[in-house]
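# Survey of secondary and tertiary structure
Take a look at the letters that make up each chain.
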Protein chains: 2
Amino acid sequence: MAAVLVIEDDDRIRLSLALALEDEGYAVREAPTAEEGLIAQRREPADTVLVDLMLPGIDGFECIRELRRDGDVPIIAISARSDTHDIVAALEAGADDYVVKPVEVKELSARMRAVRRRTRTAASPVSALVFGELEIRPEAGEVLRHGEPVAVTRTEFRLLCELADHAGRVLSRQQLLERVWEYSIGDERLVDVHVGRLRQKIEDNPAAPRHLVTVRGLGYKLQR
Amino acid sequence: MAAVLVIEDDDRIRLSLALALEDEGYAVREAPTAEEGLIAQRREPADTVLVDLMLPGIDGFECIRELRRDGDVPIIAISARSDTHDIVAALEAGADDYVVKPVEVKELSARMRAVRRRTRTAASPVSALVFGELEIRPEAGEVLRHGEPVAVTRTEFRLLCELADHAGRVLSRQQLLERVWEYSIGDERLVDVHVGRLRQKIEDNPAAPRHLVTVRGLGYKLQR
DNA sequence: CGAAATCATGACGAATTCATGACAGGCCCG
DNA sequence: CGGGCCTGTCATGAATTCGTCATGATTTCG
């Protein structure tokens, strides 16, 4: 998952940006000042950095120059006004692009893609959740068992991911219905059916499951 | 030698720009209209394009969008007035930078270098993307299979690049529509059709694809 | 022990999801 | 202006998947 660092002092804007970007599928990190942003970026580089130009202390332009000195991470400046001077100065400082407040998330997202397309960050390998002989790769949409791909349907996959995201914890049928099916009401037996089908595919002995286990009276959980 | 394409309708300005740039060591091509500029650029791409915003027929903004659609050549807009609105619109259309008339050649030259440095450093780490017998060269705009060039259309190529950029990851039809077609809404079947056409060209057995695979219920992905 | 609650699972029709061929409009080129 | 390529839409059919139900097994608890 692509990580974004948002350096912006206005809490409301930073939070709303973070939420919107998370919806778009980014992992978001936040920093309210240039100093903290620079530290965060040095510690664990994000794939894209958004920098507000008006920051307390070290301002956005200087921040961009510093970031640029460290590496060539894509940088998008956020300008409070569509002021030519600011925009040019930001681009000259080393920003790759800019957006003007109020930020349209669709536009921002498009620009981030465009900028990243240009920089072509080396594709990081897809991450995997491992449960013994089971391997779940959410981004790849695939499940491996003993290293071999297992054919899983969409619903089963989502169910499995949901359980894997909360490894070791029990999820009630109600919770699963809400998160996987986006039902608020519905027949809880439905979950049973899909759990059963999933077991047929991922368990060595479906009748005595080792990973996808029933917690009687409560729900199901996935364990190692 | 770096080639520059100057798209500017005013003969005097175009000529004086051309002369000045030749003095700076550029190979200069000229076009008095957007239409001619686009054709010239498609036929033989320059390394940088200068576009006047006020053009007869297709205007500069639209011209920039078209250029941007074809590739990510560095584009510098030339604005008659230092009007914020024009400049912002030009940058939003996809220009990388802009200069205001009367054009200072020294400034222009500096901006061209800056813009090219940005795009080149960004683009250089790109090596060919290899997927088994498939080889995708985003820069060169070509696809090889068993070392032999494969004729793919622009849409197919962009689709393939988008998938290759996220090797191993599933991209939903929605994501592909947004990124390849720049639609926010649209018929998702469209993606299927192009995937099908692409398979005819790049897969040994299109009915049982090995690289461009369907992940039922989720989307498509490109794998090795 | 027996009844009630809880869970597993097979079957089946309905609905979804995909692949593919056909086709018309647009664009470019000769 | 005519032909060829590219693109997007549509329709069709095949294959898969989904949700429901019924039945039977298992566990809990009075």
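Everything numeric in this text was worked out from a predicted model, so none of it was measured. (Residues numbered from 1 in each chain as written. Chains lettered and ligands numbered in written order. Predicted model: local features only at pLDDT ≥ 70, side-chain atom pairs only at ≥ 80, totals over all residues. Heavy atoms only, no water.)

DNA strand D sits among 20 residues. The nearest are Thr153 and Thr155 of chain A together with Thr153, Thr155 and Arg197 of chain B. Per the 4 Å cut-off to the protein, sugar and phosphate atoms form 63% of the nearby atoms of DNA strand D. Contact between DNA strand D and tryptophan 181 of chain B: a phosphate oxygen at 2.9 Å from a side-chain N or O atom of the residue. For the surface near DNA strand D, the elements supplying multiple residues, two or more each, are helix 6 (154-165) and helix 8 (189-202) of chain A together with helix 6 (154-165) and helix 8 (189-202) of chain B. Across the surface near DNA strand D, the residue classes tally to 8 nonpolar, 6 polar and 6 charged. (Near = heavy atom within 4 Å. Polar contact = N/O pair within 3.5 Å; in protein donor to acceptor, adjacent residues only side chain to side chain. Helix = DSSP H or I, 4+ residues; strand = E, 2+ residues; numbered from the N terminus. Nonpolar A, V, L, I, M, F, W, Y, C, P; charged D, E, K, R; others polar.)

As a further point, take the side chain of glutamine 41 of chain A. As for its position among the elements, glutamine 41 of chain A is in helix 2 (residues 34-43). Non-local contacts of glutamine 41 of chain A, meaning those with residues more than four positions away in its chain, are made with Leu5, Ala46, Val49, Leu67 and Val73 of chain A. (Contact = heavy atoms within 4.5 Å.)

In this section: the pattern of salt bridges. Residues and elements named next belong to chain A. Considering all chains together, one arrives at 32 salt bridges over all chains under this definition. The salt bridge partner of arginine 179 is glutamate 162, with a shortest N-O separation of 3.3 Å. Within this pair, whereas arginine 179 is found in helix 7 (residues 173-181), its partner glutamate 162 is found in helix 6, the two being separated by 17 residues in sequence. Given the relative accessible area of 35%, arginine 179 is considered partly exposed. A residue is classified by how much of its surface remains accessible, and glutamate 162, at 15% relative accessible area, is buried. Between arginine 173 and aspartate 192 there is a salt bridge whose closest N-O contact spans 2.7 Å. Here the residue arginine 173 occupies a position in helix 7, and aspartate 192 occupies one in helix 8, the gap between them amounting to 19 residues. The exposure class of arginine 173 is buried, given its relative accessible area of 13%. A single network of salt bridges, built from pairs that share partners, joins Arg42, Glu66, Arg69 and Asp70. (Salt bridge = Lys/Arg side-chain N within 4 Å of Asp/Glu carboxyl O. Buried < 20%, exposed > 50% of the residue type's maximum accessible area, 1.4 Å probe, protein only.)

Attention now goes to the sheet that holds strand 6 (residues 129-131) of chain A. Residues and elements named next belong to chain A. Across the sheet, 4 strands lie side by side as 6-7-8-9; this open sheet has antiparallel pairing. Of all the strands in the sheet, the pair left with one neighbour each is strand 6 and strand 9 (148-150). The mean angle between the axes of side-by-side strands here comes to 30°, regardless of whether they run parallel or antiparallel. Note: strand 7 (residues 134-137) against strand 8 (residues 142-145), 4 bridges, orientation antiparallel. Along strand 8, the bridge assignment pairs isoleucine 136 with valine 143. Against the sheet, helix 6 engages strand 6, strand 7 and strand 8, with an angle of about 105° to strand 7. (Pairing = 2+ DSSP bridges. Axes fitted to C-alpha atoms, helices over the stretch in contact; angles between N-to-C directions.)

Moving on, we get to helix 8 of chain B. Residues and elements named next belong to chain B. In this model helix 8 runs 20 Å from its N-terminal to its C-terminal C-alpha over 14 residues, within 8% of the 20 Å that 1.5 Å per residue would give. Looking at helix 8, one finds that the buried residues are Val191, His194, Val195, Leu198, Arg199 and Ile202. Within helix 8, the buried residues cover an arc of 145° as seen down the axis, which keeps them to one side. Structurally, helix 8 contributes buried residues whose contacts are with strand 7 (134-137), strand 8 (142-145), helix 6, helix 7 (173-181), strand 10 (212-215) and strand 11 (219-222). (Expected span 1.5 Å × (residues − 1). Arc of directions from axis to C-beta.)

It is worth spelling out the environment of isoleucine 78 of chain A at this point. All names here are of chain A. Secondary-structure assignment places isoleucine 78 in strand 4 (residues 75-79). A relative accessible area of 1% means that isoleucine 78 is categorised as buried. Spatially, the C-alpha atoms of isoleucine 78 and valine 100 are 5.8 Å apart, while their sequence positions differ by 22 residues. Ignoring sequence-local partners within four residues, the contact set of isoleucine 78 consists of Leu17, Leu50, Val51, Asp52, Leu53, Val99, Lys101 and Val103.

This part is about the packing of aromatic side chains. Counting across every chain of the model gives 0 aromatic pairs over all chains. Sitting over the ring of phenylalanine 131 of chain A, arginine 224 of chain A keeps its end group 4.6 Å from the ring centre. (Phe/Tyr/Trp six-rings, centres within 6.5 Å; stacked < 30°, edge-to-face > 60°. Lys NZ or Arg CZ within 6 Å of the ring centre and 35° of its normal.)

Moving on: the layout of surface pockets. Over the atoms, a rolled probe matching the size of one water molecule traces out where space is still vacant. Volume-wise, the second largest pocket comes out at about 310 Å³. Lining the second largest pocket are 19 residues, and of these Gly141, Glu142 and Val150 of chain A together with Thr214 and Val215 of chain B sit closest to its centre. Put simply, the parts of the chain that give the lining of the second largest pocket at least two residues each are strand 8, strand 9 and helix 6 of chain A together with strand 10 of chain B. In terms of residue count, strand 10 of chain B provides more of the lining of the second largest pocket than any other element does, 3 residues in total. Its residues assigned to classes, the lining of the second largest pocket comprises 11 nonpolar, 4 polar and 4 charged. (1 Å grid on protein atoms, 1.4 Å probe; cavity = no way out; pocket = protein on both sides within 12 Å on 5 of 7 lines; lining within 4 Å. Points joined across faces, edges and corners; volume = space filled by probe spheres on them.)

Around DNA strand C, 23 residues are found, and the nearest of them are Arg154, Thr214 and Gly217 of chain A together with Thr214 and Gly217 of chain B. Within 4 Å of the protein, the atoms of DNA strand C are drawn from sugar and phosphate moieties in a proportion of 82%. Contact between DNA strand C and threonine 214 of chain B: a phosphate oxygen at 2.4 Å from a side-chain N or O atom of the residue. Arginine 216 of chain B is positioned such that a nitrogen or oxygen atom in its side chain is 3.1 Å from a base oxygen of DNA strand C. Of all elements in the fold, only helix 8 of chain A together with helix 8 and strand 10 of chain B reach the threshold of two or more residues within the surface near DNA strand C. The element contributing the most residues to the surface near DNA strand C is helix 8 of chain B, with 5 residues. Across the surface near DNA strand C, the residue classes tally to 7 nonpolar, 4 polar and 12 charged.

For the rest of this paragraph, the subject is the UniProt feature "modified residue: 4-aspartylphosphate" (unreviewed entry) in chain A. Residue and element names in this part refer to chain A. With numbering aligned to this structure, UniProt lists the feature "modified residue: 4-aspartylphosphate" (unreviewed entry) at Asp52. Within the secondary structure, aspartate 52 is located in strand 3 (residues 48-52). The exposure class assigned to aspartate 52 is buried, which follows from its relative accessible area of 1%. With sequence-adjacent residues up to four places away left out, aspartate 52 is seen in contact with Ile7, Glu8, Asp9, Gly60, Ile78 and Lys101. (UniProt positions renumbered as here; feature names shortened; annotations may be inferred.)

Right, let's talk about the environment of phenylalanine 131 of chain A for a bit. Residues and elements named next belong to chain A. With respect to the helices and strands, the residue phenylalanine 131 is situated in strand 6. A residue is classified by how much of its surface remains accessible, and phenylalanine 131, at 1% relative accessible area, is buried. Dropping the residues within four chain positions of it, phenylalanine 131 is found in contact with Ile136, Ala164, Ala167, His211, Leu222, Gln223 and Arg224.

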